[in-house]
Amino acid sequence: MRDIAIAITIGVALLILLTMFLSWRRRLRRDAVYSAPLGVPEHAEVLTRHEVLYVSTTRHGEPLERLAITPLAYRARGELAITDRGAALCLDGSPTVFLASAKIVAVDRATVTIDRVVEPGGLVRLAWKVDDATIVDSYLRASTGDPNNLISELQRLIPADNSGATS
């Protein structure tokens, strides 16, 4: 009887793991239509650097709907470099994602996103255009320093014609 119970438990666990694996693969295929802009422009001048924990990227205004945009599909430690042309997100083990100023729509604070709930305003929400018609939210947590400095530096990158375009 004990062996049957163990076999059933192992079978259920394997079924759950298989379902999780197939669901993640389906999400990767679904989100393959989006791509993060890679590489930093050749003559971009780095103004400041911030150590960050990249948490997730979600549909705009839907903090619990993760998008698996390569290479932003997984949480990672890294650095956010603010340049004169935009923001470069250098995550451990991934190519650098560069968000040109023209792609950045809004920057503010958040408390909740998929996989993470923090103190009020503990996350930095960076809204950006993944393509001409789609805005996404990427969530960062400042590892060191004052997140207000990071937010104000990112807000300075937003072009005047992008402000207020988050609806």
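Residues numbered from 1 in each chain as written. Predicted model: local features only at pLDDT ≥ 70, side-chain atom pairs only at ≥ 80, totals over all residues. Heavy atoms only, no water.

## Let's talk about the overall build of the protein
For step 1, the next point in the chain: Across its full length, the protein carries 2 helices and 10 strands.
For step 2, the next point in the chain: Secondary structure elements in the protein, listed N-terminal to C-terminal, are α-β-β-β-β-β-β-β-β-β-β-α.
For step 3, the next point in the chain: When the backbone C-alpha atoms are referred to their principal axes, the protein occupies close to 70 × 35 × 30 Å.
For step 4, the next point in the chain: For the protein, the residues scored as buried account for 38% of the 167 residues in total.
For step 5, the next point in the chain: Long-range pairs, those at least 24 residues apart, make up 64% of the contacts in the protein with a sequence separation of at least 6.
For step 6, the next point in the chain: Total accessible area computed for the protein in this model is approximately 9400 Å², and 57% of it derives from carbon and sulfur atoms.
For step 7, the next point in the chain: Considering the protein, the positive charge centre built from 19 side chains and the negative charge centre built from 19 side chains are found 7 Å apart. (Helix = DSSP H or I, 4+ residues; strand = E, 2+ residues; numbered from the N terminus. Buried < 20%, exposed > 50% of the residue type's maximum accessible area, 1.4 Å probe, protein only. Contact = heavy atoms within 4.5 Å. Areas by Shrake-Rupley, 256 points an atom, 1.4 Å probe, with all protein chains shown as cover. Lys, Arg positive; Asp, Glu negative; His and termini not counted. Charge placed at Lys NZ, Arg CZ, Asp CG, Glu CD.)

## Considering a nonpolar patch on the surface
For step 1, the next point in the chain: On the surface, a nonpolar cluster with roughly 1100 Å² of combined accessible area is contributed by Met-1, Ile-4, Ile-6, Ile-8, Ile-10, Val-12, Leu-14, Ile-16, Leu-17 and Met-20.
For step 2, the next point in the chain: The residue Ile-4 is located in helix α1 (residues 2-30) in this model. (Patch = residues over 30% accessible without salt bridge, like charges linked within 9 Å, V, L, I, M, F, W, Y side chains within 5 Å. Salt bridge = Lys/Arg side-chain N within 4 Å of Asp/Glu carboxyl O.)

## Structural notes on the side chain of Thr-113
For step 1, the next point in the chain: Structurally, Thr-113 is set in strand β7 (residues 112-113).
For step 2, the next point in the chain: Taking relative accessible area as the criterion, Thr-113 reaches 2% and is therefore assigned buried.
For step 3, the next point in the chain: Looking at Thr-113, its side chain comes within polar contact range of the main-chain oxygen of Pro-63, at 3.1 Å.
For step 4, the next point in the chain: Residue contacts for Thr-113: discarding those within four places in its chain leaves Val-55, Ser-56, Thr-58, Pro-63, Leu-64, Leu-123 and Tyr-139. (Polar contact = N/O pair within 3.5 Å; in protein donor to acceptor, adjacent residues only side chain to side chain.)

## Notes on the packing of aromatic side chains
For step 1, the next point in the chain: In total, this model carries 1 aromatic pair according to the counting rule given.
For step 2, the next point in the chain: Ring centres 5.6 Å apart and planes at 45 degrees place the aromatic pair Trp-24 and Tyr-74 in the tilted group. Separated by 50 residues along the polypeptide, Trp-24 in helix α1 and Tyr-74 in the loop between β2 (62-66) and β3 (76-83) bring together distant segments of the chain.
For step 3, the next point in the chain: Here Trp-24 falls in the partly exposed class, since its relative accessible area comes to 23%. (Phe/Tyr/Trp six-rings, centres within 6.5 Å; stacked < 30°, edge-to-face > 60°.)

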